[in-house]
Amino acid sequence: LSLLANGPGGWIHSMMMVVSGLLAVIGALGVSTVQQRTGRRSYAMIAGLVIYGLGVATAGLLRADPAEGFPIGTPPGPPVVITASGVGHLVAGGIGFLGLIVACLACARRSARASDRAWAACSAVIGVYYLVAFASIASGAGNPAINIAFTVAVVLGWGWLTALCIRALMGRVC
């Protein structure tokens, strides 16, 4: 997904990452406020969400190295040249992804304690799936099946975060 920042109009993808990351931080602060009001604050979950948002935003500021034939004209396979921006993008994204995994698992634990079994299960499954997909992409990004699995993880992660914010608006938090 990050390779899109290298193509024509790549600045749009980069800005989407920065704005999305900052919105995730704002969402985390909103969830924290609701948790504080209910007396059920989860520092691990909020910290994970903030780390996720900042990781995504920072990764958006640092362009991934061209690879896998993208943009057009780039040879297939891993990057030919490794740049500081490319390494920074991977590190920031990796730290952010770990933040989301921690947030999901912390929410799952808290929800299980509150007997909200469905939300606990959803949070746990998404956290574990994201962890497996992240580990897989880190070890074999050139594999189409792994790339699709990771794309699914990203969609599930954003869906979970959206559902979490909606639940917070309704006064239901982890």
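Reference entry: report on the structure contained in this document. Note that the structure is predicted; figures quoted are calculated from it, not measured. Counting from 1, residues in each chain are numbered in the order their sequence is written. Reporting of local features is limited, given that this is a predicted model, to residues whose pLDDT is at least 70; pairs of side-chain atoms are given and counted only at 80 or more, and all residues count toward the totals for whole chains, interfaces and linings. Hydrogens and water molecules were not included; the side-chain quantities draw on all heavy atoms of the structure.

We call a pair of cysteine sulfur atoms a disulfide whenever their separation is within 2.5 Å. As enumerated under the stated definition, the model contains 1 disulfide in all. With no disulfide partner, C104 has as its closest neighbouring cysteine sulfur the one in C107, 7.5 Å distant.

Definition used for salt bridges: Asp or Glu carboxyl oxygen within 4 Å of a side-chain nitrogen of Lys or Arg. With the rule as written, the count across this model stands at 2 salt bridges. Of the charged contacts in the structure, one is a salt bridge between R167 and D116, with a shortest N-O distance of 2.6 Å. Separated by 51 residues along the polypeptide, R167 in helix α5 (residues 144-169) and D116 in the loop between α3 (84-113) and α4 (117-140) bring together distant segments of the chain. Here R167 and D116 have matching classes, each one buried. Here R172 ties to D116 by a salt bridge, and the two come within 3.9 Å at their closest N and O atoms. Note that R172 is positioned in the segment after α5 and D116 in the loop between α3 and α4, a separation of 56 residues in sequence. Only DSSP runs of H or I reaching four residues or more are called helices, and only runs of E reaching two or more are called strands; each is numbered from the N terminus. The buried label applies to any residue whose accessible area, calculated with a 1.4 Å probe on protein chains only, is under 20% of its type's maximum; exposed applies above 50%, and partly exposed to all values in between.

Attention now moves to the packing of aromatic side chains. Between rings of Phe, Tyr and Trp, where Trp is taken as its six-membered ring, a pair exists when centres lie within 6.5 Å; planes separated by under 30 degrees are stacked, by over 60 edge-to-face, and by other angles tilted. Taken as a whole and assessed by the stated rule, the structure comprises 6 aromatic pairs. With centroids separated by 6.1 Å and ring planes inclined at 5 degrees, the aromatic side chains of W119 and W160 adopt a geometry described as stacked. Of this pair, W119 sits in helix α4 while W160 sits in helix α5, and the two are 41 residues apart along the sequence. Across the pair, W160 and W119 agree in class, each one buried. An angle of 75 degrees between the planes, with centres 6.1 Å apart, marks the rings of Y130 and F150 as edge-to-face. Of the two residues, Y130 is situated in helix α4 and F150 in helix α5; the sequence distance between them amounts to 20 residues. Residue classification places Y130 among the buried positions, given a relative accessible area of 1%. Taken together, the ring pairs in this structure connect F97, Y130, F134 and F150 into an aromatic cluster.

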